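Listed here are the chains, written in short residue letters.
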Amino acid sequence: MLIDVIDTPEALEAVRPQWEEVFEADPHAQHFLSWTWVNRYLGHRRRWFILALRENVDARYIAFFPLRLQTRRDKDGFFYDEIIMAGNYAADYTGFIADPAYEDRAIAGFAAYLKRQNWTEIKFDYFGGPPSRRIALIKALQGPEVMFRDSKRSNPNNIDNCVCPVIALPETWETYLEQHMSAQTRQKLRRFLRKVEGDPAYRITFATPETIDRDLDILFDFWRIRWQPQKGAEMTKRLIRASREMLMDCFADGNLDVPVLWYENRPLGALANIIDRQKKAILFYITGRDEEWKLPSPGLVLHGTCIRRAIDDGFRSYDFLRGNEPYKYMFGVEERPISCTLFRTRDGRNLGGVLNPRSIRHVYEMSIDDYHKGKKADAEIGFRQILQSAPAHRGAEFGLANLMFEKGDLAAAEASYRALAPRLADPAPVLVRLGDVLLATGRNGDAAETFRDICRKAPGHREARYKWGVALVAEKRFNDAAAVLEPLVALPSAEDSDRRYAEKARALLLRIAPALTPTAPRAFEPAKPVFPPPEVFSLSPAPLPV
């Protein structure tokens, strides 16, 4: 068996026919593992990868396992990696899809691949499918270096999010009412539906391209009022933003219903139902209602309407998704269990002792950010971890050299700059820093030569030209310094950094003006020279991109 890794939009697009074939064959597949949903969701995210299994290089794919990588810091500031399910934070169900004839081999292949990767944790959150899949993965992944535990998910209201209430829909609405509902609830639902359908003041609308924004606004406004006191304003805002993005993707694909119950022009409640046409399932995702409105109950009316519609359209299930909230049980549901399992290395570090290759760019970006925020110790940890994992990483090497310079370890910084410069297509940023080391150690002539070489290849390099002038002044070669600095003063620029070097050059020229010989070219003659304090060049280098 062969494992291929799909990690680009183009590669994911190319396997769509085979993905849909496997999805249709797998009796446990559901919408959050459909090609359409996965493709849309991953389109907004980075560092995702999909394990694709086939028997040999010429064979079709027989299983797909969509995953993502996250990188976190431990209490000591070291980065570590987590592998999570691709749909986590939006999908109520996760997992993999497989041709039933190859399920055992798929599990073995996926586990063998994951055991070779660098990670500290794997989170199988809200893992769907039969319990045998989870049990087989646990057996295949655990070992001397890896432990696991169940990760039960309940919210503060004691709702079990590993229980999913589902209605197996019969062929007719009347059969549903008789077989799934209690007599009292059945009577109430019939009465409410008659009232809504018989009174012209009531109406139920379904979102169209013209109304989808309005209808989702209604839904999320109700949801915000209900949940913001518990979740807080910032968390509520993030949840709404992420949910809306996902639901709009579903709507764009034709896989979303948003029914709204109205009384005259007053919205009373709204649902968002994802439509799984391949598996003939309606997935209830989120609801909001006017908490001040009592009867008829907006939730009962809207769910009843949607269940009846689903039966009429030939759907086989109405899925309330995660959470065993009591109100779901009035609709005659069966419980479908899902699971959360955490795998973790026993030493709390990545397998193999190095970063996952997919996280190196992320750690590099985080370390640059730390550097510029002045969090130098954190930046150093990040750069060193990168170099431990990818010794040829030029950006991390440059960043670490800059930190050594700032800590006063000039010999180490110089050695790094000299080793790094020949390996770069454009060594100018590194050579500027090398020149800084030479200035700092009093080798002003060597510094002047270094900056001159940069300007010879890049005549417009303002920082190098200015520091070339600084080095010449330090050598007391004032006429040469003036000849280098005066063109920099005259160069026009809209960039703040460029104007800064022009002003520094002007100030330095004013300082050395009395020392210039009469034959030296003079760009200007101030009436009353002003002498600023001795120049101290600033060093705030940005690490090179790889």
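Structure: above.
Residue indices begin from 1 for each chain and proceed along its sequence in written order. Whole-chain, interface and lining totals are the exception, using all residues; otherwise, since this is a predicted model, local features are given only for residues with pLDDT of at least 70 and side-chain atom pairs are given and counted only at 80 or more. Side-chain calculation: all heavy atoms of the structure are included, whereas hydrogens and water are not.

Caption draft 1: Structural detail: the overall build of the protein chain. Strands here mean DSSP runs of E at least two residues long; helices mean DSSP runs of H or I at least four residues long; both are numbered from the N terminus. Regarding its fold elements, the protein chain presents 19 helices and 16 strands. On C-alpha atoms alone, the protein chain measures out to a radius of gyration of 33 Å, which is more than a quarter above the 24 Å that the 2.2 N^0.38 rule sets for 546 residues. Categorising residues by exposure relies on relative accessible area from a 1.4 Å probe, with only protein chains included: less than 20% of the type maximum marks a residue as buried, more than 50% marks it as exposed, and the intermediate range marks it as partly exposed. Expressed as a percentage of its 546 residues, the buried residues of the protein chain come to 51%. Put simply, 67% of the contacts in the protein chain that link residues at least 6 apart link residues at least 24 apart. Residue burial considers only the protein chains on display, and all accessible areas are found by Shrake-Rupley using a 1.4 Å probe. Element-wise, carbon and sulfur atoms account for 52% of the exposed surface of the protein chain, whose accessible area totals about 25600 Å². The protein chain carries 78 positive and 74 negative side-chain charges, and their two centres are separated by 3 Å. Two things to know: the radius of gyration comes from C-alpha atoms, and the globule rule equals 2.2 Å times the number of residues to the power 0.38. Here, two residues are considered to be in contact whenever any of their heavy atoms come within 4.5 Å of each other. Under the counting rule used here, the positive set is Lys and Arg, the negative set is Asp and Glu, and His together with the chain ends is not counted. Where a charge lies is defined by one atom per residue type: Lys uses NZ, Arg uses CZ, Asp uses CG and Glu uses CD.

Caption draft 2: Summary view of the side chain of Thr71. Here Thr71 shows up in strand E3 (residues 61-73). The term polar contact refers here to a pair of N or O atoms within 3.5 Å; inside protein, the definition further demands a hydrogen-donor-capable atom paired with an acceptor-capable atom, and it admits residues adjacent in sequence only when both atoms are side-chain atoms. Within the structure, the side chain of Thr71 is placed 2.6 Å from the side chain of Arg47, a separation counted as a polar contact. At 2.8 Å, the side chain of Thr71 forms a polar contact with the side chain of Asp81.

Caption draft 3: Seen up close, the packing of aromatic side chains. Between the rings of Phe, Tyr and Trp (Trp by its six-membered ring), a pair exists once the centres lie within 6.5 Å; its type follows the angle of the planes, with under 30 degrees stacked, over 60 edge-to-face, and the other angles tilted. Counted according to the given criterion, the structure contains 22 aromatic pairs. Connected via pairs of aromatic rings, a cluster forms that spans Phe65, Phe96, Phe110, Phe124, Phe127, Phe148 and Phe343. Between the NZ or CZ atom of Lys280 and the centre of the ring of Phe315, over which it lies, the distance is 5.3 Å. For Lys376, the ring lying beneath its charged end belongs to Tyr371, and the centroid distance is 4.7 Å. A ring has a charge above it when a Lys NZ or an Arg CZ is no more than 6 Å from the ring centre and no more than 35 degrees off the ring normal.

Caption draft 4: Region of interest: unusual backbone geometry. Pro296 follows Leu295 through a cis peptide bond whose omega is -5°. Structurally, Pro296 can be placed in the loop between strand E13 (281-289) and helix H10 (298-312). Not every positive phi belongs to a glycine, and Arg47 is a case in point at roughly 55°. Tracing the backbone through its elements, the reader meets Arg47 in the loop between helix H3 (35-42) and strand E2 (48-54).

Caption draft 5: Expanded view of helix H11 (residues 360-372). In a regular helix each residue adds 1.5 Å, so 13 residues correspond to 18 Å; H11 covers 18 Å between its end C-alpha atoms and thus fits that length. Buried within H11 we find Ile360, His362, Val363, Tyr364, Ser367, Ile368, Asp370 and Tyr371. Buried residues along H11 sit against E3, strand E4 (79-85), helix H12 (376-389) and helix H13 (394-406). Once H11 ends, the next one or two residues include Gly374, with phi positive near 85°. Helix span, expected: 1.5 Å multiplied by one less than the number of residues in the helix.

Caption draft 6: Quick look at the packing of helix H17 (residues 462-474) against helix H19 (residues 496-512). Lines fitted to the C-alpha atoms define the axes, with helices restricted to the stretch that makes contact. Angles between their N-to-C directions range from 0 to 180 degrees. Running from N to C, H17 and H19 cross one another at 20°; their axes reach a closest spacing of 9 Å. For the element pair H17 / H19, the angle class is roughly parallel. Where H17 crosses over H19, the two elements pack in a sense that is left-handed. Each of Arg462, Glu463, Tyr466, Gly469, Val470 and Val473 in H17 lies in contact with H19, whose residues at this interface are Asp498, Tyr501, Lys504, Ala505, Leu508 and Ile512. Amino acids are sorted into nonpolar (Ala, Val, Leu, Ile, Met, Phe, Trp, Tyr, Cys and Pro), charged (Asp, Glu, Lys and Arg) and polar (every other residue, Gly among them). Here the contact of H17 with H19 is composed, by residue class, of 7 nonpolar, 1 polar and 4 charged. We call two directions roughly parallel when the angle between them is under 35 degrees, roughly antiparallel when it is over 145, roughly perpendicular when it lies between 65 and 115, and oblique otherwise. Two helices crossing with the near one rotated counterclockwise from the far one by less than a right angle form a left-handed crossing, whereas a clockwise rotation gives a right-handed crossing.

Caption draft 7: Just the pattern of salt bridges, in detail. The salt bridge criterion pairs a side-chain nitrogen of Lys or Arg with a carboxyl oxygen of Asp or Glu, the two atoms within 4 Å. Within this structure, the stated rule accounts for 46 salt bridges. Across the pair Glu178 and Arg190 runs a salt bridge whose closest N-O atoms are separated by 3.7 Å. Taken together, the residues span a long stretch of sequence, with Glu178 in helix H6 (residues 173-180) and Arg190 in helix H7 (residues 183-198) at a distance of 12 residues. In this structure Glu178 comes out as partly exposed when scored by relative accessible area, which is 47%. Put simply, Glu365 and Arg361 hold a salt bridge, and the shortest N to O gap is 3.2 Å. Within this pair, Glu365 and its partner Arg361 are both found in helix H11, separated by 4 residues, close to a single helical turn. A relative accessible area of 58% means that Arg361 is categorised as exposed. Residues participating in the shared-partner salt-bridge network are Glu174, Glu178, Arg186 and Arg190.

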